[in-house]
Amino acid sequence: QVQVVESGGGLVQPGGSLRLSCAASGRISSIAAMGWYRQALGKQRELVATITKTNGIRNYADSVKGRFTISRDNAKNTVYLQMNSLKPEDTAVYFCSAHSGAIFYWGQGTQVTVSS
């Protein structure tokens, strides 16, 4: 089993920045990649960004390219999502996931609200 816990959400004005953190614990050796996903009210959960554990290959949704950066600290079993130039449409609950083969372990989510 793998557990993931997100932190760092909050309220920010348009154009502002936030950094989300995701700490993984448990069977860390089974994790091949970690990712951030988000779900806005009334919409389906969507991919934001992923990063592989061993070689750090990153993948981003088109909507966040150039604004968001995913990074990892394997020593701390932690993944970060740096979000810059935030827009109101980035408002959502952001979920972290740890990928172990076909299994995705999810955190409880953290709310990000972009509003003036």
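Bear in mind the structure is a predicted one, so any value in this text is a computation, not a measurement.

Cut-offs and rules
- Residues numbered from 1 in each chain as written.
- Predicted model: local features only at pLDDT ≥ 70, side-chain atom pairs only at ≥ 80, totals over all residues.
- Heavy atoms only, no water.
- Helix = DSSP H or I, 4+ residues; strand = E, 2+ residues; numbered from the N terminus.
- Contact = heavy atoms within 4.5 Å.
- Core = buried A, V, L, I, M, F, W, Y, C linked by side-chain atoms within 4.5 Å.
- Buried < 20%, exposed > 50% of the residue type's maximum accessible area, 1.4 Å probe, protein only.
- Salt bridge = Lys/Arg side-chain N within 4 Å of Asp/Glu carboxyl O.

### Examining unusual backbone geometry
- Backbone geometry at Asn77 places phi at a positive 55°, although glycine is not the residue there.
- Position of Asn77 among the secondary structure elements: in the loop between strand 7 (68-73) and strand 8 (78-83).

### Observations concerning the side chain of Ser21
- With respect to the helices and strands, Ser21 occurs in strand 3 (residues 18-26).
- With residues up to four places along the chain from it excluded, the contact list for Ser21 reads Val5, Glu6, Ser7, Trp36, Val79 and Tyr80.

### With respect to the nonpolar core
- Core analysis: the largest hydrophobic core is formed by 30 residues, its most contacted members being Met34, Trp36, Leu81, Met83 and Tyr94.
- Elements with a contribution of two residues or more to this core: strand 1 (2-7), strand 3, strand 4 (33-39), strand 5 (46-52), strand 7, strand 8, strand 9 (92-100) and strand 11 (110-114).
- Other than its neighbours up to four places away in sequence, Tyr94 contacts Glu6, Leu20, Trp36, Tyr37, Arg38, Val48, Phe68, Leu81, Met83, Gly109, Thr110 and Val112.

### Looking at the pattern of salt bridges
- Inspection of every chain in the model, using the stated rule, returns 4 salt bridges.
- The partner of Glu46 in a salt bridge is Arg38, and the shortest N-O contact between them spans 2.7 Å.
- On the basis of relative accessibility, which here comes to 35%, the residue Glu46 falls in the partly exposed class.
- Overall, Arg38 belongs to the buried group, its relative accessible area being 6%.
- With a closest N to O distance of 3.1 Å, Lys65 and Asp62 form a salt bridge.

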